[in-house]
Amino acid sequence: MRVLLTGHQGYLGSVMAPVLTAAGHEVVGLDSGLFADCVLGPVPVDPRGHAVDLRDVSAEPLSGMDAVVHLAALSNDPLGSLAPELTYDINHHASVRLARMARDAGVKRFLYASTCSVYGASGADDLVDEAAPLRPVTPYAESKVRVEEDLMELADDDFTPVFMRNATAFGYSPRLRADIVLNNLVAHAYLTGDVRVLSDGTPWRPLVHAEDIAKAFAEVLAAPREAVHAKAFNIGTEENNVTVAEIAERVVATVPGAKLLITGEAGPDPRSYRVDFSALRSAVPGYQATWTVGAGAAELLDAYQRYGMTEDDFQPRFTRLTRLARRREDGSIDAELRPQKGPRAEPEAVPL
Ligand SMILES: NC(=O)c1ccc[n+]([C@@H]2O[C@H](COP(=O)([O-])OP(=O)(O)OC[C@H]3O[C@@H](n4cnc5c(N)ncnc54)[C@H](O)[C@@H]3O)[C@@H](O)[C@H]2O)c1
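Note that this is a predicted model, so its numbers are computed, not measured. (Residues numbered from 1 in each chain as written. Predicted model: local features only at pLDDT ≥ 70, side-chain atom pairs only at ≥ 80, totals over all residues. Heavy atoms only, no water.)

(A) How the structure looks around the overall build of the protein. A tally of regular secondary structure across the protein gives 12 helices and 13 strands. Against the compact-globule benchmark of 20 Å for 352 residues, the protein has a radius of gyration of 19 Å, which places it among compact chains. Considering only C-alpha atoms, the protein reaches an extent of 55 × 50 × 35 Å along its principal axes. Of all 352 residues assigned to the protein, the portion counted as buried reaches 54%. Expressed as a percentage of contacts within the protein between residues at least 6 apart in sequence, the contacts between residues at least 24 apart total 81%. Approximately 13,900 Å² of the protein is accessible, and the part contributed by carbon and sulfur atoms is 51%. Across the protein, 34 positive and 49 negative side-chain charges occur, with their mean positions spaced 2 Å apart. (Helix = DSSP H or I, 4+ residues; strand = E, 2+ residues; numbered from the N terminus. Rg over C-alpha atoms; globule rule 2.2 N^0.38 Å. Buried < 20%, exposed > 50% of the residue type's maximum accessible area, 1.4 Å probe, protein only. Contact = heavy atoms within 4.5 Å. Areas by Shrake-Rupley, 256 points an atom, 1.4 Å probe, with all protein chains shown as cover. Lys, Arg positive; Asp, Glu negative; His and termini not counted. Charge placed at Lys NZ, Arg CZ, Asp CG, Glu CD.)

Encoded structure:
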């Protein structure tokens with residue numbers, strides 16, 4: 001298939017592009033490059049791509065495509081809460097616009113990167129499956145719910161949207177994010193010796209490795225239409241339904257000398273949900289997420305040691321919120337997060 005991969009220069013996109021290419025697809029990227037130089041380790045070889053903001057994209061990149069894998073978004077709760085109106089513009093309106101243009105251009109399949117955060121405050125009593133009520137508690141999660149609703153309206157005989165509700169990702173990507181829970185805790189432990197949990201540790205937070213997400217997308221791209229048409233799928237594995245305290249304990253067990261501090265200073269976290277991941281396994285026999293949290297912690301520690309994660313990079317380069325704030329300050333993006341022309345104040349990533 002010819003696949004347009006939006007967000008190909010992000011954390012998940014940089015893992016997804018080679019997986020889709022290895023599955024035999026011709027991948028074309030689309031990204032405004034907000035984090036293109038947030039690289040830890042060897043600089044990834046990107047597929048050719050369109051350097052464009054999602055809000056400004058024309059129909060041209062969609063011409064001749066068989067499928068769209070849509071990852072580009074402001075990608076987490078703190079970003080969404082900082083700028084709710086930008087989150088709705090980019091994550092909701094621009095995504096629905098892209099899907100409409102895709103359908104008009106004859107694209108058959110549209111895989112949308114949604115999130116298990118749509119279950120929000122579902123609690124720990126039952127495993128939530130795809131039919132569970134959606135209880136988003138942040139603008140980010142709300143934007144994902146709205147896109148799912150609007151894309152469902154577009155489904156027809158010729159256009160198959162699929163809603164990929166990813167658990168919280170972990171693991172090494174050459175374009176690292178250190179603001180997602182396992183990546184963050186391992187980095188903090190490696191740099192300071194502390195594993196600091198700011199909540200009381202009790203919220204459930206299902207996790208899934210970036211590579212297992214990429215493989216799920218590859219499987220759904222190739223699946224028969226009737227198995228996936230207009231369906232939502234939770235992406236992950238029940239084994240990785242863990243509490244934040246359990247995640248922290250795995251990090252303590254992985255990083256030599258690390259000490260656990262559960263401070264509770266951030267107050268109660270309403271986002272808590274345990275997830276049933278069986279629907280994708282039924283729809284796509286043979287798919288199984290295989291990475292455990294412990295194996296992911298070990299992989300991250302190895303990458304941080306091998307490629308030299310430093311205090312100086314941890315926040316400014318690998319934390320999405322801080323990164324965007326710095327880029328706004330240095331003028332390389334404007335207040336609406338559109339890249340500006342001119343010399344960059346930050347050094348480019350150096351290949352090792
Ligand atoms: N990482 C996770 O834990 C996780 C979990 C569930 C869902 N998701 C979803 O998966 C997708 C990818 O997440 P990620 O972790 O790779 O995030 P990321 O922030 O690393 O990547 C997002 C990419 O989108 C691009 N982008 C953002 N706004 C854009 C715009 N206006 N125009 C063009 N490009 C734009 C960025 O430049 C970046 O390359 C997102 O939709 C996110 O909501 C991620």
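(B) Helix 12 (residues 320-330), seen in detail. Along helix 12, the positions that sit buried rather than exposed are Arg 320, Arg 323, Leu 324 and Arg 327. Angularly, the buried residues of helix 12 cover 95° about the axis, an arc narrow enough to put them on a single face. Of the residues trailing helix 12, Gly 331 is marked for its positive phi of about 80°. (Arc of directions from axis to C-beta.)

(C) Just the site of the ligand, in detail. For the ligand, the set of nearby residues contains 30 residues, the closest of which are Asp 31, Leu 54, Leu 71, Tyr 140 and Arg 177. In isolation the ligand exposes 820 Å². Once the protein is present, 98% of that is buried. At the level of secondary structure, the elements contributing two or more residues to the shell around the ligand comprise helix 1 (11-22), strand 5 (109-115), helix 4 (139-154) and strand 8 (168-170). Of the residues forming the shell around the ligand, the biggest block, three residues, is contributed by strand 5. (Near = heavy atom within 4 Å.)

(D) A look at the sheet that holds strand 5. Reading across from one edge, 3-2-1-4-5-7-11 is the order of the seven strands in this open sheet, with parallel pairing throughout. The open sheet has two edge strands, strand 3 (49-51) and strand 11 (232-235), and neither has a second partner. Here the strands of the sheet are splayed against their neighbours by 20° on average, with no regard to which way each runs. Bridging between strand 1 (residues 2-6) and strand 4 (residues 67-70) involves four bridges; their strand directions are parallel. Residue Leu 5 lies in a different strand from strand 4, and its bridge partner there is Val 69. Contacting strand 1, strand 4 and strand 5, helix 3 (residues 84-104) runs over the sheet at an angle of about 165° to strand 5. With respect to the sheet, helix 4 is in contact with strand 5 and strand 7 (160-166), its orientation differing from that of strand 5 by roughly 155°. (Pairing = 2+ DSSP bridges. Axes fitted to C-alpha atoms, helices over the stretch in contact; angles between N-to-C directions.)

(E) Inspection of the pairing of strand 2 (residues 26-31) at higher detail. Across the six residues of strand 2, five count as buried, placing the element largely inside the fold. Relative to strand 2, strand 1 is paired through five bridges, and the arrangement is parallel. By the bridge assignment for strand 2, Val 3 is matched with Val 27. The parallel pair strand 1 and strand 2 is bridged by helix 1, and the resulting crossover is right-handed. The pairing of strand 2 with strand 3 spans three bridges and is parallel. In the sheet register, Asp 31 faces strand 3, and the bridge partner there is Ala 51. (Right-handed = clockwise from strand over helix to strand, strands pointing away.)

(F) Representation of the packing of helix 5 (residues 181-192) against helix 8 (residues 244-254). Orientation of helix 5 relative to helix 8, taken along the N-to-C sense of each, is 40°, at an axis distance of 10 Å. As far as their axial angle goes, helix 8 and helix 5 are oblique. Here the hand of the crossing between helix 5 and helix 8 comes out right-handed. Here helix 5 contributes Val 181, Leu 182, Leu 185, Val 186 and Ala 189 to the contact with helix 8, which in turn contributes Ile 247, Ala 248 and Val 251. Taken together, the residues of the contact of helix 5 with helix 8 break down into eight nonpolar, no polar and no charged. (Parallel < 35°, antiparallel > 145°, perpendicular 65-115°, else oblique. Left-handed = near helix turned anticlockwise from the far one by under 90°. Nonpolar A, V, L, I, M, F, W, Y, C, P; charged D, E, K, R; others polar.)

(G) Spatial organisation of the nonpolar core. Counting residues in each nonpolar core, the largest one holds 64 residues, and the members touching the most others are Phe 110, Leu 182 and Val 186. Taken together, the elements giving at least two residues each to this core come down to strand 2, helix 3, strand 5, helix 4, helix 5, strand 9 (194-197), helix 8 and helix 10 (293-307). The biggest single contributor to this core is helix 3, with eight residues. Ignoring sequence-local partners within four residues, the contact set of Phe 110 consists of Val 68, His 70, Ser 95, Leu 98, Ala 99, Ala 102, Leu 151, Phe 159, Thr 160, Pro 161 and Val 162. The next biggest cluster of nonpolar side chains, apart from the first, holds 47 residues, and it includes Val 128, Val 208, Ala 227 and Phe 277. (Core = buried A, V, L, I, M, F, W, Y, C linked by side-chain atoms within 4.5 Å.)

(H) Spatial organisation of the environment of Asn 184. Mapped onto the elements of the fold, Asn 184 is located in helix 5. Between the C-alpha atom of Asn 184 and that of Val 220, which follows or precedes it by 36 residues, the distance is 29 Å. When neighbours within four sequence positions are excluded, Asn 184 is seen to be in contact with Ala 178, Asp 179 and Phe 314.

(I) Representation of the pattern of salt bridges in the model. Applying the stated rule across the entire model yields 16 salt bridges. For Arg 338, the salt bridge is made with Asp 56, and the minimal N-O distance between the two is 2.9 Å. Of this pair, Arg 338 sits in the segment after helix 12 while Asp 56 sits in the loop between strand 3 and strand 4, placing them 282 residues apart in sequence. We note a salt bridge from Arg 103 to Asp 156, for which the minimum N-O separation is 3.6 Å. With Arg 103 in helix 3 and Asp 156 in the loop between helix 4 and strand 7, this pair connects stretches of sequence that are 53 residues apart. For Asp 156, a relative accessible area of 30% gives the class partly exposed. (Salt bridge = Lys/Arg side-chain N within 4 Å of Asp/Glu carboxyl O.)

(J) Broad picture of the side chain of Glu 148. Its place among the elements puts Glu 148 in helix 4. When near neighbours in sequence (up to four residues on either side) are disregarded, Glu 148 contacts Tyr 112, Ser 114, Phe 163 and Arg 165.

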